[in-house]
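Results of the structural survey
Residue-level listing of the chains:
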Amino acid sequence: MRLRLRSGALAAGCLLAEALGVALFLRGFFPLPVRSLPRGEARAQPPAEPAPPGPGIASNWTKIPPPLFRKVVIVLIDALRDDFVFGSKGKQFMPYTTQVIEKGTSYSFIAEAKPPTVTMPRIKALMTGSIPGFIDVVVNLNSPALMSDNLIWQAKAAGKRIIFYGDDTWVKLFPKHFVEYDGTTSFFVSDFTEVDDNVTRHLDRVLKREDWDLLILHYLGLDHIGHMTGPNSPLVGPKLREMDNVLKKIHISLLSKEGEASLPSLLVVCGDHGMSETGSHGGSSEDEVHTPLLFISSAFEKRSGPLTQLELVQQTDLASTLAVGLGLPISRNNVGNIILPVVGSKTMREQLRFLHMNGFQLSTLLQENTPAYEKDLGYEQFKIAEKSHGNWIKLYLEGNNSEILLNLGKKVLKQYLEALRTLSSSLSKQVAQYDMYSMMVGTVIVMEVLLLLFLSVPKALSSRAEFEVPLSPPLFSLLFYLMCLMLCAVHVIVCTSAESLCYFCSMSWLTAVGVMMLISALMCGILSAVGKILENSRLPLKNPGASSSSWSEVDVLILAGTIGHVLSLGASSFIEEEHQTWYFLINTLCLALCQELCRNHFLLKECDLQLGTTMKQNFDSIGEASECKNIDVQAASNSKLGKAASSAEFVKGSDKWISLASPWIILICCRLLRSLNQTGVQWAHRPDFGHWLTRGITEARFVYVFVLGIVFTGTKDLLKSQVISADSSVKSTGLWEVYSGLVLLSALLFRPHNLPVLVFCLLIQTMMTKYIWRPLKFDAAQITIMHYWFGQAFFYFQGNSNGIATVDVSAGFVGLESYVEIPAIFLTAFATYAGPLLWAIHLLCYLSSEVSRNSAAVGHGCFCYALMRSIPVAIYIVLVTGLRYHLFIWSVFSPKLLYEGMHVFITAAICLFFTAMDQNHSQKVQG
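The following refers to the structure shown. (Residues numbered from 1 in each chain as written. Predicted model: local features only at pLDDT ≥ 70, side-chain atom pairs only at ≥ 80, totals over all residues. Heavy atoms only, no water.)

1. Description of the overall build of the protein
In terms of regular secondary structure, the protein is built from 38 helices and 11 strands. Here the protein, with 927 residues, has 56% of them falling under the buried criterion. Nonlocal contacts in the protein, meaning residues at least 24 apart in sequence, comprise 80% of its contacts between residues at least 6 apart. (Helix = DSSP H or I, 4+ residues; strand = E, 2+ residues; numbered from the N terminus. Buried < 20%, exposed > 50% of the residue type's maximum accessible area, 1.4 Å probe, protein only. Contact = heavy atoms within 4.5 Å.)

2. Some remarks on the pairing of strand S3 (residues 106–112)
The element S3 is extensively covered by neighbouring structure, given that 5 of its 7 residues are classed as buried. Pairing geometry for S3 and strand S8 (residues 290–296), over 7 bridges, is antiparallel. Bridging from a neighbouring strand, Ser108 pairs with Leu294 of S8. (Pairing = 2+ DSSP bridges.)

3. Things to note about the sheet that holds strand S7 (residues 266–270)
Spatially, S5-S4-S6-S2-S7-S8-S3-S9 is the arrangement adopted by the 8 strands of the open sheet, whose pairing is mixed. Whereas interior strands pair on both sides, the edge strands pair on one side only; in this sheet they are strand S5 (180–184) and strand S9 (311–314). On average, each strand axis in the sheet is tilted by 20° relative to the strand beside it, whichever way the strands run. Where strand S4 (residues 162–167) meets S5, 5 bridges bridge the pair, whose relative direction is parallel. What sits directly across from Phe164, in S5, is Tyr181. Its contacts with the sheet put helix H11 (residues 236–256) on strand S2 (72–77), strand S6 (214–219), S7 and S8, and the angle it makes with S7 is roughly 165°. (Axes fitted to C-alpha atoms, helices over the stretch in contact; angles between N-to-C directions.)

4. Considering the nonpolar core
In this structure, Trp789 and Phe790 are the most contacted members of the largest nonpolar core, which totals 137 residues. Broken down by element, this core gets its largest block of residues, 14 residues, from helix H37 (residues 857–882). Those residues in contact with Phe790, other than ones at most four positions away along the chain, are Ile586, Leu589, Cys590, Ile666, Cys670, Ile764, Met768 and Trp839. Listed in part, the 67 residues of the second largest apolar core include Ile330, Val342, Val343 and Leu413. (Core = buried A, V, L, I, M, F, W, Y, C linked by side-chain atoms within 4.5 Å.)

5. Observations concerning the state of the cysteines
Under the criterion given, the structure shown has 1 disulfide. This cysteine, Cys590, is not joined by any disulfide, and Cys670 carries the nearest cysteine sulfur, 5.5 Å off. Between Cys669, a cysteine without a disulfide, and Cys670, which holds the nearest cysteine sulfur, the sulfur-to-sulfur distance is 6.8 Å. A relative accessible area of 5% means that Cys669 is categorised as buried. (Disulfide = S-S within 2.5 Å.)

6. Regarding the packing of helix H36 (residues 834–849) against helix H38 (residues 889–917)
Following both chains from N to C, one finds H36 and H38 inclined at 20°, their axes separated by 11 Å at the closest point. In terms of orientation, H36 and H38 fall into the roughly parallel class. For the crossing formed where H36 meets H38, the hand is right-handed. Residues Pro836, Leu837, Ala840, Ile841, Leu843 and Leu844 of H36 form the contact with H38, whose participating residues are His903, Ile906, Ile910, Phe913, Phe914 and Met917. Residue composition of the contact of H36 with H38, grouped by class: 11 nonpolar, 1 polar and no charged. (Parallel < 35°, antiparallel > 145°, perpendicular 65-115°, else oblique. Left-handed = near helix turned anticlockwise from the far one by under 90°. Nonpolar A, V, L, I, M, F, W, Y, C, P; charged D, E, K, R; others polar.)

7. Quick notes on the packing of aromatic side chains
Within this structure, the stated rule accounts for 27 aromatic pairs. Relative to Trp789, the ring of Trp582 lies with its centre 6.5 Å away and its plane at 70°, an arrangement referred to as edge-to-face. Taken together, the residues span a long stretch of sequence, with Trp582 in helix H26 (residues 578–602) and Trp789 in helix H34 (residues 780–797) at a distance of 207 residues. The buried category is assigned to Trp789, whose relative accessible area is 1%. Three or more aromatic residues joined by ring pairs form one cluster here, namely Tyr583, Phe790, Phe794, Phe797 and Trp839. The ring of Trp212 has Lys71 lying over it, and the distance from NZ or CZ to the ring centre is 4.2 Å. (Phe/Tyr/Trp six-rings, centres within 6.5 Å; stacked < 30°, edge-to-face > 60°. Lys NZ or Arg CZ within 6 Å of the ring centre and 35° of its normal.)

8. Thoughts on the environment of Val513
Residue placement: Val513 occurs in helix H22 (residues 509–538). Distance from Val513 to Leu487, taken between C-alpha atoms, is 8.7 Å for residues 26 residues apart in sequence.

9. Quick look at the environment of Leu708
As for its position among the elements, Leu708 is in helix H31 (residues 697–724). Assessed through its relative accessible area of 60%, Leu708 is described here as exposed. A sequence separation of 33 residues divides Leu708 from Gly741, and the C-alpha atoms of the two residues are 7.4 Å apart.

10. Looking at a nonpolar patch on the surface
Taken together, the side chains of Trp551, Val556, Leu559, Ile563 and Leu567 present a nonpolar region at the surface, about 540 Å² in accessible area. Along the chain, the position of Trp551 falls in the loop between helix H23 (544–547) and helix H24 (553–568). Overall, the relative accessible area of 56% leaves Trp551 in the exposed class. (Patch = residues over 30% accessible without salt bridge, like charges linked within 9 Å, V, L, I, M, F, W, Y side chains within 5 Å. Areas by Shrake-Rupley, 256 points an atom, 1.4 Å probe, with all protein chains shown as cover. Salt bridge = Lys/Arg side-chain N within 4 Å of Asp/Glu carboxyl O.)

11. Some words on the pattern of salt bridges
A complete count under the given rule lists 23 salt bridges for this structure. Salt-bridge contacts for Asp196 lead to Lys239; the nearest nitrogen and oxygen are separated by 2.8 Å. Taken together, the positions of Asp196 in helix H8 (residues 194–200) and Lys239 in helix H11 put the pair 43 residues apart, joining distant regions of the chain. Of the two residues, Asp196 and Lys239, neither departs from the other in class, the shared state being buried. With a shortest N-O distance of 3.1 Å, Glu900 and Arg869 are connected by a salt bridge. Highlighted residues: Glu900 in helix H38 and Arg869 in helix H37, separated in sequence by 31 residues. Exposure remark for Arg869: the relative accessible area of 0% places this residue in the buried category. Here the residues in one salt-bridge network are Arg70, Lys71, Glu210 and Lys257, joined through shared partners.

12. Thoughts on unusual backbone geometry
Even without being glycine, Lys176 reaches a positive phi, approximately 65°. Here Lys176 is to be found in the loop between helix H7 (169–173) and S5. Despite not being glycine, Lys777 shows a phi value in the positive range, around 55°. One can find Lys777 in the loop between helix H33 (755–776) and H34.

13. Let's talk about the side chain of Gln782
The residue Gln782 is located in helix H34 in this model. Looking at Gln782, the relative accessible area reads 10%, which means it is buried. In this structure the side chain of Gln782 is engaged in a polar contact, spanning 2.6 Å, whose partner is the side chain of Asp555. Other than its neighbours up to four places away in sequence, Gln782 contacts Ser552, Asp555 and Ile558. (Polar contact = N/O pair within 3.5 Å; in protein donor to acceptor, adjacent residues only side chain to side chain.)

In structure tokens, the structure reads:
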């Protein structure tokens, strides 16, 4: 039994296997952070004070210290950048907050958030004190319940009554934890006012009541303004003034009730993340990771003047500080430190008690995640501080009130703070434990797919573009069974001996064996391909002249550009500025095309012109008959005679000068597009041509109707050509209709200032089709790679980068009145990858509509597209595995890995569409 497989079907199948491998690698590379015991065991007894040396003296303080504050209000303003409060905007638009900071009873800090700077991981960090895994950015759109120990759970277990209003991410993370709540979706970013009014409308009623202990307010309007109009928008000032009035109302209400209470109240003002200069977030720039952190309470000393220098703390420090403030145990997964000034008004014994509890919790977490914890510097420092603390307790219990006691207390405080910083640093470095087994399985699949594609190039790009795959020998051979048995044995050994949790080991045996069979089948396919190549190399060539081929300058450029781009992925700076690589490649390509056009116009000899005139009639007749006879006109046109004919057509045609000017016009368009959206890191702050505008919901829905109508018409024609009749003209018409619908959808989803990107995209495609690709008679492989290059360049022309901050989530809500998950995810993904998608679909339309090309053109294009996507992702997976302990692994390499993974899935879908549109289907033949 043999399977006749076309190159497009092979490419699509390989990409599906590669997508599986990439998914396994991503699951292993983005691991879970360090974790302690389940939270059900988290309310254990706190540690006692360190035992003083000597017999007969003991401290009986074993309980958690009493709370420092009666009520706590947390006001989290989404995307609140530090300069919005401490800079000129704060002084202009937040006068009351500025007055409290400079002359009130408050402490002010800059809290540093760790990437990814998106909402859900930041809420986790604020409430658990831990650093969430990077993969949390993927599940940010649909947050599961938080099962690990956290401040909210501890407060509820202690009987605290918690009220929440704002972003419904909190409700998803902490279900059934709030006695009262009102959630608002955070993803409908075109809403600037109602999303905050929904929070503020509850304030007057709640502040008058006494039936709550913790009030959490999460305001979203500022973040939405940033996404839609940027940080310098005129809407930012009024929103900050609105927030200032809210803080004033809360603060005055808390102060008015402190006379009748034994303990003061605390108002905490913070942001979950900052905002980049483009108004987005998710990356690691200073504007995105620096947020203000204010503690306002009458328990603090009154400030005497404006701030000179703000202390930098970690965002994770808030959880432990609030825990002691509320009289709660510190979360067991916490890696943060207590912010000492907040508890600085308490006695020395209480301050040392707080720091000892924090150090004990951190050292316990270190023991549970590090086998050689006793050798850790932070653990050693903590034990030294704990011993000094015992000496201080001995003096204290003996009634010593001299200056010696005070000086020793200050020394112990300093020792504790140093130990806490070192312990936090050690735990933060261990925040990720890579699942190497899952990573290696994924890498093996990806590399096997790449090798199989490379070995299949000669057959895949031949005139027939078909493979006769023998089904029986490879799938039922002894080699296949031996490989499956060996891989299953390795799987058993690894899963039974591994100490850490492995995702691949947690999968069902049926699924794991299926993956092993896939790896074995790919390896058998590779060995079979190698055997055929070696066998063919021994056979004498029937026509030696036919095998010789010369490489043009364009071919050399394509090869050098592909290799150069792949090699550049090993440097963080090249990843941050990858758009420069693609801009350089397409500009160089335009210059090479210009040289090719000039050669065909001006360097043709007179005899070639005469010969070309004679041959033109022959090629015209061949072109007319190619549809029914499947003659490969492209192969003929690659000969000298074919070149002469096409060149003669050039000289005689009226479009000669337009053709010569086309590369220069394209270069001008690309230069204008570069200035439309500044992207990357080095030049992202420079002003660009874009201005943010908004769209109406009703108008957008009309466009959706037109898009659906156009796509429906195109799909109908495609089905008609595939099912009812094999009419290539109907299929071509249907493809162009689908392409037109996608262009219209892109026009709807793009920011208005990005519409020139779409216009120039259509212009360049039209010019290259009419004046470059057709006259120069490029083959399908060359045209496919050019499409791929321009698709990558247009990805960056849109304003995208390899950082998460440039993902425009607002595109997912055009025409929607509320957040609907599936349409929002689809529209956001389409808008992000619109450039590569439009160029890929245009490639399919172009290859299908060219009657002069043989039936293998679409298969050639599909195969080359799969190969061009497989090369960088396979090499990058190997590089990122080797660089997994690099300084910039989470800020630069990891976001790029997510983009590469997503691009593989999209390319797999594209190749499936290519294969479905290929007119000649796979057939089984008896072997």
